[in-house]
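Coordinate analysis (summary)
Residue strings, one per chain:
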Amino acid sequence: MKPLFTIAKLDFLESFRSRWFIGYAAVFLLLVVTLFLSGITESRVMGFSGLTRLLLIFIQACNIILPIFILVTTVRTIAKERDNNVFEYLLSFPVSLAAYYWGKVLGRLLVIWVPLLLSLLLALGIGLIRGGEIPWRILALYTALLAFSSLTFLGIGFFISVSTKSQELALGIALFVWLLLIALIDIALIGFLIQKMAPDNLIFALALLNPVQTFRIAAIALFDPVLSVIGPTSYFLLDTFGSTGIIAYALLYLGFIGLLFLSLGYLVFRRRDLL
Amino acid sequence: MITIQNLDKTLSRQKILSGITLDIADGEKVLFLGHNGAGKTTLIRCLLGEYRPDCGKIFVGNHPLAGERVEALRKIAFVPQLPPPIRFTLNELFEYAAKIGHCSIDKIKENSLYFGLDADAHKHKAFHKLSGGMKQKILISIAFSRDAEVFVFDEPTANLDSVGRDRFRELIGAPEMRRKTILFISHRLEELAKVVTRIIELDLGKVVRDEPV
C-alpha cells in the first residue's frame, strides 16, 4: 500500500500547483462568495430561501461545471504524461501497475474533492456567521452526491485516457461524452416526450442511466421541488420512486458507474502497452 | 542476468521486433547499435515492461517480467534519451525515486554534487523547468543511487557538457560497477569504447551482429 499512497500524495501535490487546479478551486469558492454577496441567500424564490436556495444554485452550477472539468483535466493530464514519455520514466521503477493506477485515482479524487468540500464549508461558515438555519441533512446528502458524481466522471475520464492513444483523441471523446450527457437531461428528453420519438419508458430509462441527470434529480429532490424547477421527466421519476428512493438510487448508481469505469480502465491499463 | 527468448513486437500493425533471442551475462557492458527505427528503443521498452510482447519471454535474473514485474524492475535502473517533462519538484522526484526505487535521497544528492549540481539549491523547482543538462544529471544521479544490477542508458550523455561526460565515464568505470550489467544505446561509439565488452546490432527488428569487443 505504501507505493500507492506515495503516488497519490505526489499526484495531489503536483496538481495542487497547477493552473487548472487553481482555476477549478477558484470557480467553486468564488461561486459561493458571489452567491452570498449577491444576496441570493436572503431571497425567497419558489419557496426556497437562505442556504437551501444557495445550495440549489450551487447544484445547477456543479451539474454543468463538474463533469466537464473532471473529464477534461483527467484525460489531458493522464494522456499527456503518456505522450510526453513521463510514463516511460516513472513506470521504469519497480512499482506495480495496480499501485500506480489506483494511486493516481486516489490523488485525483482528493484534488477534485478538496475544493468542493472547502466551498461547502465556506458556505456553511458564512451561513453560521450570519445566523442562518443550517440544513444539515441536505448538506450531508448533497456532499455525498457530489462525491459520488465526481467519482463517476473520474472513472469515465480514466477509462477514456487509458483506452486512447493520443491526447487529442482522448479530449475529443471526453467532450463528446459530456455533450451527449448534457443533451440528454430534461431539455432533450422533453422534446422526445412531446414528439413521441421513443416510448416513454425508454425516455425515463435514459434519464435514470444518464449520470448527469441522475445527479440532478437526486440533488434537487433534496428540496421537495415543484415541476417548473425540476422538469417533467425528473418530476415523473421523483413521483414514481419518491425522494428517498431517488436519492438512494443516485448514490448507488453513481458510485457503481464510477467504480465500474475505474475498474475497466485498470483492466485496459494492465493489458495494453503502457506507452 | 537478462534472458530474452523469441521476442516479437508489433506496433501499429508493423512488426518492430522479430524473433529476438539474447542472453546477457552478469557484468557485461553491451552497446546496442542500429539505425533509427531498427528497434532499439522498442526492445528497451519491452525490457522495462512498458510494451507487451506479441510473443516471447523476458527474464531479469530469475524473474519473468510478465509475472514478476516489480521484482524484475527492482534490478533495473534506467536513464532515457530525453528527460521527460515531469512536473514534480526535485524534492518530489527524489521522494518518488527513494520510496519506489528503494534508494537514499542523500545518495542522489551526493551523486548530483559529483556532477557539479547542487540539488538542494533547486529542490523546490519543477523538474521540467531545469535545463536539459541539469535534468540529465539528475536522472543519472538517481540511477547510480539505486541498488540495481542492470543499468540501461539510452544516449546518456546527449545533453551533458564535457565535465558531465567525464564524470559519467568515471562512474561507469568505477570498481563497484564491474559486476553490474550495463546496456547502452548510443551512437557515440568512441566515448564508450573502453567500457563496452559486447556489441549487438539491430536492423529491421532483428539481431544482425552480436560479437564481443
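Calculation notes
- Residues numbered from 1 in each chain as written.
- Chains lettered and ligands numbered in written order.
- Predicted model: local features only at pLDDT ≥ 70, side-chain atom pairs only at ≥ 80, totals over all residues.
- Helix = DSSP H or I, 4+ residues; strand = E, 2+ residues; numbered from the N terminus.
- Rg over C-alpha atoms; globule rule 2.2 N^0.38 Å.
- Buried ≥ 20, exposed ≤ 12 C-beta atoms within 10 Å, placed from the backbone.
- Contact = placed C-beta atoms within 7 Å.
- Axes fitted to C-alpha atoms, helices over the stretch in contact; angles between N-to-C directions.
- Parallel < 35°, antiparallel > 145°, perpendicular 65-115°, else oblique.
- Left-handed = near helix turned anticlockwise from the far one by under 90°.
- Nonpolar A, V, L, I, M, F, W, Y, C, P; charged D, E, K, R; others polar.
- Core = buried A, V, L, I, M, F, W, Y, C linked by C-beta atoms within 7 Å.
- pLDDT = per-residue confidence, 0-100.
- Pairing = 2+ DSSP bridges.

Right, let's get into the overall build of chain B. The helix and strand tally for chain B stands at 7 helices and 10 strands. A compact globule built from 213 residues would reach a C-alpha radius of gyration of about 17 Å, and chain B, at 17 Å, matches this within 12%. Counting only C-alpha atoms and orienting by the principal axes, one finds that chain B spans roughly 50 × 35 × 30 Å. The burial tally for chain B puts 44% of its 213 residues in the buried class. In chain B, 68% of the contacts between residues at least 6 apart in sequence involve partners at least 24 apart.

Glancing now at the packing of helix H1 (residues 2-17) of chain A against helix H5 (residues 97-129) of chain A. All names here are of chain A. Relative to each other, H1 and H5 sit at 40°, their axes nearing to 7 Å. The orientation of H1 with respect to H5, classified from their angle, is oblique. Crossing hand, H1 versus H5: right-handed. Residue-level inspection shows Pro3, Leu4, Ile7, Ala8, Asp11, Phe12 and Ser15 of H1 in contact with H5, the latter providing Ala99, Tyr100, Trp102, Gly103, Lys104, Leu106, Gly107, Arg108, Leu110 and Val111. Looking at side-chain class alone, the contact of H1 with H5 contains 11 nonpolar, 3 polar and 3 charged residues.

To continue, consider the nonpolar core. Formed by 129 residues in total, the largest nonpolar core has its most connected members in Ala218 of chain A together with Ile76, Ala143, Val152 and Phe184 of chain B. A total of 12 residues in this core trace back to one element, the largest contributor, which is helix H6 (residues 136-163) of chain A.

All right, on to the environment of Val27 of chain A then. All names here are of chain A. Mapped onto the elements of the fold, Val27 is located in helix H2 (residues 19-37). Accessibility expressed as a C-beta count within 10 Å gives 15 for Val27, which makes it partly exposed. On a C-alpha basis, the gap between Val27 and Leu116 in space is 10.0 Å, while along the polypeptide they are 89 residues apart.

The subject of this paragraph is the confidence of the model for chain B. Residue and element names in this part refer to chain B. Per-residue confidence for chain B gives a mean pLDDT of 93; residues scoring 70 or more make up 100%. The least confident element of chain B is helix H7 (residues 189-192), whose mean pLDDT is 77; the most confident is strand E6 (residues 76-79), at 97. Of the two predicted TM-score estimates for the complex, the pTM is 0.90 and the ipTM is 0.95.

Across the boundary between the two partners, chain A contributes 20 residues, which contact 22 residues of chain B. Of all the secondary-structure elements, those providing two or more residues to the side of chain A that touches chain B are H1 and helix H4 (86-90) of chain A. Looking at the side of chain A that touches chain B, the element that brings in the most residues is H1 of chain A, giving 6 residues. When the residues that make up the side of chain A that touches chain B are grouped by side-chain class, the tally is 11 nonpolar, 5 polar and 4 charged.

What follows deals with the confidence of the model for chain A. Scored by pLDDT, chain A comes out at a mean of 83, with 88% of its residues at no less than 70. In the model of chain A, strand E1 (residues 44-45) of chain A stands out as the element of lowest mean pLDDT, 48, in contrast to H4 of chain A, which has the highest, 94.

We now examine the sheet that holds strand E5 (residues 63-64) of chain B. Residue and element names in this part refer to chain B. Pairing is antiparallel in the open sheet, where 4 strands are placed in the order E2-E1-E4-E5. With one partner strand each, in any of the chains shown, strand E2 (14-24) and E5 form the two edges of the open sheet. Bridge count for strand E1 (residues 2-11) against strand E4 (residues 55-60) is 5 bridges, and the pairing is antiparallel. Of the residues in E4, the one forming a bridge with Gln5 is Lys57.

All names here are of chain B. Of the pairings in the sheet, the one linking E1 to E2 comprises 7 bridges and is antiparallel in character. The partner of Lys9 across the bridge, within E2, is Leu17. Hairpin geometry of E1 and E2 is characterised by an intervening segment of 2 residues between the two adjacent antiparallel strands and by a positive phi of about 50° at Ser12.

This next bit is on the packing of helix H4 (residues 105-114) of chain B against helix H5 (residues 132-145) of chain B. Residues and elements named next belong to chain B. At a closest axis distance of 8 Å, the pairing of H4 and H5 adopts a crossing angle of 130°. For the element pair H4 / H5, the angle class is oblique. Handedness of the H4/H5 crossing: right-handed. Contacts between H4 and H5 involve Lys107, Ile108, Asn111 and Ser112 from the first element and Lys137, Ile138, Ser141, Ile142, Phe144 and Ser145 from the second. Classifying every residue of the contact of H4 with H5 by side-chain character gives 4 nonpolar, 4 polar and 2 charged.

Bringing the environment of Asp83 of chain A into the picture now. All names here are of chain A. By secondary structure assignment, the location of Asp83 is in helix H3 (residues 50-83). Taking C-alpha positions, Asp83 is 45 Å from Arg137, a pair spaced 54 residues apart along the chain. Beyond its immediate sequence surroundings of up to four residues, Asp83 is in contact with Ser166 and Gln167.

A word on the environment of Tyr89 of chain A. Looking at where Tyr89 of chain A falls in the secondary structure, it is placed in helix H4. Among residues more than four places away in sequence, those in contact with Tyr89 of chain A are Pro80, Pro84 and Ile86 of chain B.

Residues and elements named next belong to chain B. Positive phi, close to 50°, is recorded for Ser12, a residue that is not glycine. Its location among the elements puts Ser12 in the loop between E1 and E2. Using a count of 6 C-beta atoms within 10 Å as the deciding quantity, one classes Ser12 as exposed.

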